[in-house]
Amino acid sequence: MTTDELRETTHMALDTLRANKLRSGLTILGIVIGVMTVITISSIINGLNANVSGLVESMGTNVLWVFRFPVIGVRPTTEMLTRKQLTYDDAMAMKDLPHIVAVSPSLRYQNFQFNAGNVTVKYGQHKVESTSLEGDTAATTDVYDLSLIAGRFFTQQDQDRSANVTVLGYDTARELFTTEDPIGKDVNIEGMSFTVVGVLDKRKSVFGGGKNPEDNFAFFPITTFHKLHPEQLDYWISAKFDDQKNKTLVEDEVRELLRRRRKVRNDAEDNFSIFGSDSITRLWTEITGGLFLLMFGLSAVGLLVGGVGVMNIMLVSVTERTREIGVRKAIGATKRTILTQFTLEAVVLCALGGVIGVSAGAIVTLTVHALFTAIPAYLSAVWVVVAFVCSCAIGLVFGIYPAWKAANLDPIDALRYE
């Protein structure tokens, strides 16, 4: 078929659609819903993926975490929960490993079941509830790239003399001091007075809106933390290594060191867990895999319904236009021309549904992004193309049979029928 014939056939297809606006609109409704579903869900997943990537980067790709049981994507068993706790000396022993750059053991006091604190921080008439407490070493700044908006982090000297100093999380400081400068001010925590020496910037989170529990924290030198909660001895160890290519080697060295220190038999399993930020990525991949299946199922139903509707309407169209087909064949139109015309009509019909679906999905994405800041949503160009191509493919697949039926009508019989 020449370019002119293709252009003429396309115009004829569009004229037919314009002549039956209501029928065409109802026919492509399933296509619109299916494509809109693909665009909306893929945009939300795209936004969440970007937030997860940012969160992982902020935690450090060259950092290993060591705890007595895994805490990401795994439900601890009774055996895991009763394991011997890691110690401060275990962390200090890791510093001597060849590829370890810095090590920081930390302790937390919070409600781990709800990942929220249960301490009230007071300053004058202001107070902040549900604050979590954490004890760290001065080496924390060597392990993590902490961003402070005011003041400094505590030093080794603060740690050595168990100084009553604290670094507050972003939300904790903002609610306590509002517009007042918090540096040098004293806050009351569990009956003790602590001088604020620094304020951390907002921490990254997967969901952008609302308050992040990680921003409602009070950090202390670990020796100072012991004065508040000497019963807390369940250490979480963060170890930074030199190069990503050495990750497997570093894991093996840490594992061998801890097995020896914790006197684990050669034939026994580890009674501790080593993991990194890639554990978060793997867990998120599993979650988004389920969301992808949901998206595929919902959109497939919509596209299938739309495809069946397109086939049904095209069959009706062939019946209604029997005389037209007969006349065209009588004056020389070939089977290929008729086949192309009706197939193109189905493709154009579904492509129009795809365009409307993409537009509707984009509007929903912008609405979600504007009104629900907790749910990040970013339109993906890749999924726009995929959704549009799928809608055109539906028209091709479901339009072939009606087009074949039209192309194989006998012109004499067609005119006699009319």
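Numbering of residues starts from 1 in each chain and follows the order in which that chain's sequence is written. For a predicted model such as this one, the threshold for reporting local features is a pLDDT of at least 70, and the threshold for listing and counting side-chain atom pairs is 80 or more; totals across whole chains, interfaces and linings nevertheless cover every residue. As a rule here, side-chain values cover all heavy atoms of the structure and leave hydrogens and water aside.

Looking at the nonpolar core
Counting 39 residues, the largest nonpolar core has M94, V187 and I189 as the members making the most contacts within it. For this core, the element with the highest residue contribution is helix α10 (residues 247-261), accounting for four residues. When checking whether two residues touch, look at their non-hydrogen atoms; a contact exists if any pair is within 4.5 Å. Beyond its immediate chain neighbours, meaning those up to four positions away, V187 contacts V121, K122, Y123, T166, L176, F177, M192, S193, F194 and V196. We define the nonpolar core as a collection of buried residues of types Ala, Val, Leu, Ile, Met, Phe, Trp, Tyr and Cys that are connected through side-chain atoms lying within 4.5 Å of one another. Burial classification: accessible surface area is computed with a 1.4 Å probe over protein chains only, and a residue below 20% of its type maximum counts as buried, one above 50% as exposed, and the rest as partly exposed. In this structure, V32, A346, L349 and A387 belong to the second largest nonpolar core, which totals 27 residues. Here a strand is any run of E in DSSP of at least two residues, a helix any run of H or I of at least four, and the numbering for each starts at the N terminus.

A few points about helix α14 (residues 381-407)
Helix span, expected: 1.5 Å multiplied by one less than the number of residues in the helix. Its 27 residues place the ends of α14 37 Å apart at the C-alpha level, agreeing with the 39 Å of an ideal helix rising 1.5 Å per residue. Roughly 45° is the biggest bend found in α14, and it falls at G399, with proline P402 one to four residues downstream. For α14, the complete set of buried residues consists of A387, S391, C392, I394, G395, F398, G399, P402, A403, A406 and A407. Bend is the name given here to the angle between axes fitted to two runs of seven residues, the run ending at a residue and the run starting at it.

Brief notes about the packing of aromatic side chains
Stacked, tilted and edge-to-face are the three classes applied to pairs of Phe, Tyr and Trp rings, where Trp contributes its six-membered ring and a pair requires centres within 6.5 Å; stacked means planes under 30 degrees apart, edge-to-face means over 60, and tilted covers the rest. On inspection of all chains with the given rule, the structure shows 11 aromatic pairs. Considering the side-chain rings of F153 and F154, the 4.2 Å spacing of their centres and the 35° angle between planes classify their relative orientation as tilted. Across the pair, exposure class does not vary: F153 and F154 are buried alike. Through a chain of ring-to-ring contacts, three or more aromatic side chains come together here, namely W65, F67, F69, W236 and F275.

With respect to the pattern of salt bridges
When a carboxyl oxygen of Asp or Glu lies within 4 Å of a side-chain nitrogen of Lys or Arg, that pair is called a salt bridge. If you walk through the whole model with that rule in mind, you get 16 salt bridges. One salt bridge connects R261 with D90, and the closest N-O pair in it is separated by 2.6 Å. Within this pair, whereas R261 is found in helix α10, its partner D90 is found in helix α5 (residues 88-94), the two being separated by 171 residues in sequence. Classification of D90 by relative accessible area gives buried; the value is 5%. Across the pair R265 and D267 runs a salt bridge, and its minimum N-O distance is 3.3 Å. Relative accessible area serves as the criterion here: at 57%, R265 is assigned to the exposed category. D267 gets classed as exposed once you look at its relative accessible area, which sits at 65%. Taken together, the salt bridges that share partners define one network made up of D252, R255, R259 and D270.

What to know about the packing of helix α12 (residues 322-330) against helix α13 (residues 335-371)
Packing of α12 against α13 leaves a shortest axis separation of 10 Å and a crossing angle of 145°. Our pair here, α12 against α13, has a crossing hand that is right-handed. Touching E324, I325, R328 and K329 of α12 are K335, T337, I338, Q341 and F342, all from α13. For the contact of α12 with α13, the class distribution of residues is three nonpolar, two polar and four charged. Only C-alpha atoms enter the line fits that serve as axes; for helices the fit covers just the stretch in contact. Angles between N-to-C directions range over 0 to 180 degrees. Left-handed describes a crossing whose near helix is turned anticlockwise from the far helix through less than a right angle; right-handed describes the clockwise counterpart. Under the scheme applied, nonpolar residues are Ala, Val, Leu, Ile, Met, Phe, Trp, Tyr, Cys and Pro; charged residues are Asp, Glu, Lys and Arg; polar residues are all the others, including Gly.

Focus: the pairing of strand β3 (residues 119-123)
Only one face of β3 is covered, namely the one carrying V119, V121 and Y123; the face carrying T120 and K122 has none of its residues buried. Relative to strand β4 (residues 126-136), β3 is paired through four bridges, and the arrangement is antiparallel. Looking across to β4, one finds that K122 is bridged to K127. With antiparallel pairing between neighbouring strands as the criterion, β3 and β4 make up a hairpin whose turn holds two residues, including G124 at a positive phi of roughly 60°. Sheet topology note: the β3/strand β7 (residues 186-189) ladder contains two bridges and is antiparallel. Bridging from a neighbouring strand, V121 pairs with I189 of β7. Paired strands, in this sense, are two strands between which DSSP finds at least two bridges.

Some words on a nonpolar patch on the surface
Excluding any residue in a salt bridge, patches collect residues exceeding 30% relative accessible area, merging like charges within 9 Å and nonpolar Val, Leu, Ile, Met, Phe, Trp and Tyr side chains within 5 Å. The accessible surface values rely on the Shrake-Rupley method and a 1.4 Å probe; as for residues, cover is taken only from the protein chains in view. Taken together, the side chains of V355, V385, F388 and V389 make up a nonpolar region of the molecular surface, amounting to roughly 320 Å² of accessible area. With respect to the helices, strands and loops of the structure, V355 is situated in helix α13.

Regarding α12
Every buried residue of α12 is listed here: T322, I325, G326, R328 and K329. Down the axis of α12, the buried set is contained in an arc of 165°. They therefore lie on one face. Two residues or fewer after α12 comes G332, characterised by a positive phi angle close to 115°. The arc in question is the one spanned by the directions pointing from the helix axis to the C-beta atoms.

Some points on unusual backbone geometry
Although it is not a glycine, E190 adopts a positive phi angle of roughly 50°. Here E190 is to be found in the loop between β7 and β8 (192-200). Not every positive phi belongs to a glycine, and K263 is a case in point at roughly 55°. For K263, the position within the fold is in the loop between α10 and β11 (273-276). In this structure K263 comes out as exposed when scored by relative accessible area, which is 71%.

Digging into the side chain of S106
Among the structural elements, S106 can be located in strand β2 (residues 100-109). Setting aside its immediate chain neighbours within four residues, S106 contacts E134, G135, D136, I222, D234, Y235 and W236.

Considering the environment of A102
Along the polypeptide, A102 turns up in strand β2. Residue class for A102 comes out buried when judged on its relative accessible area of 7%. Distance in space between the C-alpha atoms of A102 and K127 is 35 Å, their sequence separation being 25 residues. Contact partners of A102, with chain neighbours within four places excluded, come to D142, V143, S238, A239 and K240.

Geometric descriptors of this kind do not, in isolation, establish any biological role.
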